[in-house]
Amino acid sequence: MKLDTSSVNINEVGNYTYTITYNKKIYNGTVSITPKALPNVDNITLNNLSFEVGKDLPKSVTDYIKENLPLEVLSAIRLDISNVDTSTPGNYLYSISYNGKLYTNKITIFEPKLTKEVTTKTQKEN
């Protein structure tokens, strides 16, 4: 008996054909690869974030959420910061989605505070 599963991709969802050869006869079958169910997460809490004008936004999802979530959950979270303009001060909404749920919060982009240098002059008296 010979089993040929070379066309089956276990890393991609879909239906695949396999063949079995036995006593000079060929039998075909189909196998379905289904997505693994994501762990249930009751709630995800997003951080209120503030960044100075011109600074890059973090790329890691962990910078945007308060909970420590397993890697399996973090890798399935989709972060959307496309509405945030880091070149213009203001409040912007960002969102993450996980397992069909959408969460939003705000990012504040602010101008740096200017500090005044105070210079004192001393005079010598004669």
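Every chain begins its residue count from 1, and numbering advances along the sequence as written. Local features are withheld for residues below a pLDDT of 70 in this predicted model, meaning they are given only at 70 or higher, and side-chain atom pairs are given and counted only at 80 or more; totals for whole chains, interfaces and linings count all residues. As a rule here, side-chain values cover all heavy atoms of the structure and leave hydrogens and water aside.

Topic: the sheet that holds strand β3 (residues 25-33)
Spatial strand order, β1-β2-β3: three strands in an open sheet with antiparallel pairing. With partners counted over all chains shown, the strands left at the sheet margins are β1 (2-4) and β3, one partner each. When strand polarity is set aside, the average angle formed by the axes of neighbouring strands in this sheet is 20 degrees. With nine bridges connecting them, strand β2 (residues 14-22) and β3 associate as antiparallel partners. If you follow Asn15 over to β3, its bridge partner there is Ser32. Two strands are counted as paired when DSSP detects at least two bridges linking them. Strands here mean DSSP runs of E at least two residues long; helices mean DSSP runs of H or I at least four residues long; both are numbered from the N terminus. Lines fitted to C-alpha atoms define the axes here, with helix axes fitted over just the stretch in contact, and angles between the N-to-C directions of these axes take values from 0 to 180 degrees.

Considering the side chain of Asn47
With respect to the helices and strands, Asn47 occurs in the loop between β3 and β4 (49-52). A polar contact is formed between the side chain of Asn47 and the backbone oxygen of Ile65, at a distance of 3.4 Å. Aside from chain neighbours lying at most four places away, what touches Asn47 is Asp63, Tyr64, Ile65, Lys66, Tyr94, Asn105 and Lys106. For the purposes of these results, a polar contact is taken to be a pair of N or O atoms within 3.5 Å, where, inside protein, one atom must be able to donate a hydrogen and its partner to accept one; residues adjacent in sequence count only when each atom of the pair is a side-chain atom. It only takes one pair of heavy atoms within 4.5 Å for two residues to be counted as in contact.

Some points on the sheet that holds strand β5 (residues 78-80)
Read from one edge of the open sheet, four strands run β4-β7-β6-β5, paired in mixed fashion. Edge strands, defined here as strands with exactly one partner in the open sheet, are β4 and β5. Averaged over neighbouring strand pairs, the angle between their axes works out to 25 degrees when direction is ignored. Of the strand pairs in this sheet, β4 and strand β7 (residues 101-110) are connected by four bridges, and their pairing is parallel.

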